[in-house]
Every structure is written in structure tokens, then in C-alpha cells.
Amino acid sequence: MPQILIDHSPGLDFDATGFAKEVHQLIPAVVDTRVEDCKTLVREAAQHLVGDGASTEAVVLVEIKLLAGRSAEIRSALTARVTELLRAYVRVPAAFCVEVTELDRETYVFVQHPGQ
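Residues numbered from 1 in each chain as written. Predicted model: local features only at pLDDT ≥ 70, side-chain atom pairs only at ≥ 80, totals over all residues. Heavy atoms only, no water.

A. Quick peek at the sheet that holds strand β2 (residues 39-44). Spatially, the four strands line up as an open sheet ordered β2-β1-β3-β4, and their pairing is mixed. Edge positions in the sheet fall to β2 and β4 (94-103), since each of these pairs with one other strand and no more. Between one strand axis and the next, the sheet turns by 10° as a mean value, whatever way the strands run. Bridge analysis of strand β1 (residues 3-8) against β2 gives six bridges, and the strand direction is parallel. When the sheet's bridge partners are listed, I6 is paired in β2 with V42. Together, β1, β2 and β3 (58-67) form the strand contacts of helix α1 (residues 16-30), whose direction differs from that of β1 by roughly 150°. (Pairing = 2+ DSSP bridges. Helix = DSSP H or I, 4+ residues; strand = E, 2+ residues; numbered from the N terminus. Axes fitted to C-alpha atoms, helices over the stretch in contact; angles between N-to-C directions. Contact = heavy atoms within 4.5 Å.)

Here you go:
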């Protein structure tokens, strides 16, 4: 069920697929879920801006969406581990944001569509 969204600066030398695969392994070590349930979208931004534009540092934003009910301690531990993993994958000056958000169990719907 975990949904991972990875947004990053254009042209960033970043093995996003390798990072995502490691995140898929990491999440079940912290949260009660399976690797098979992790789903990731990687989006390279068309442009980015930091501050007034004088900085050339890259930006990587990671959002991990989980069904509500995990403790703040578990979500915080996951955030810390993903942030450390990012440090190993991004080798240029960069601003990171890692956030674990909760999906409302009453309104969240996931469908495994078989196609037509």
C-alpha cells in the first residue's frame, strides 16, 4: 500500500530507480507492510528554484503515503532512514525533504485494474 512520490531537480545525476528499490526494501523493515505493496512514481521536474534563484543546489522531495494509524515514532523513524538513504544516492549539494503522510482509511480507495 505505501505510495512513494519522488520529485527531483531536472538533470540531477540520481539513480532514482535504485533509490526506490532500496526504499521498497526499507519500508517493510519499519512499517508492517510488504515490498510487493510499495508503489513509486519518480518525477523529474521541468525546472526548479531555490530561494531567490542564486543557489544552484538540487532539490529532492520524497513523500511516502501510508494508511493512517502508524505512530509518530514509526513515521519519524521511516523519515530518518529514507533521509539517510538519500544521502548515499545524491552526491551533489542538494536540499532534501522527506515526509511521511497518512491516508484516511475511510476515504482512500486503491483498485487493481486488470485492463481491458
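Let's pick the thread back up.
B. Representation of the nonpolar core within the structure. F14, F19, V62, I64 and L78 are the most contacted members of the largest nonpolar core, which has 26 residues in total. Every element with two or more residues in this core is listed here: β1, α1, β3, α2 (72-89) and β4. Top contributing element to this core by residue count: α1, with seven residues. If we skip the residues at most four places from it in the chain, I64 touches Q3, I4, I27, L78, V82, E99, V100 and T101. (Core = buried A, V, L, I, M, F, W, Y, C linked by side-chain atoms within 4.5 Å. Buried < 20%, exposed > 50% of the residue type's maximum accessible area, 1.4 Å probe, protein only.)

C. Looking closely at the environment of V62. In this structure, V62 sits in strand β3. For V62 and V100, which are 38 residues apart along the polypeptide, the C-alpha to C-alpha distance reads 8.5 Å. Contacts of V62, omitting those with residues within four sequence positions, involve I4, L5, I6, F19, V82, L86, C97, V98 and E99.

D. The arrangement of the pattern of salt bridges in detail. For the structure shown, the criterion picks out four salt bridges. With a closest N to O distance of 3.3 Å, R75 and E102 form a salt bridge. Placement of the pair is R75 in helix α2 and E102 in strand β4, with a sequence separation of 27 residues. Given the relative accessible area of 21%, R75 is considered partly exposed. Here E84 ties to R87 by a salt bridge, and the two come within 2.9 Å at their closest N and O atoms. In this pair, E84 and R87 both sit in helix α2, three residues apart, roughly one turn of the helix. The exposure class assigned to R87 is exposed, which follows from its relative accessible area of 52%. (Salt bridge = Lys/Arg side-chain N within 4 Å of Asp/Glu carboxyl O.)

E. Summary view of the pairing of β1. In this fold, β1 hands off to α1, which returns the chain to β2; that crossover is right-handed. When β1 meets β3, the two strands line up antiparallel, connected through six bridges. In the sheet register, D7 faces β3, and the bridge partner there is L61. (Right-handed = clockwise from strand over helix to strand, strands pointing away.)

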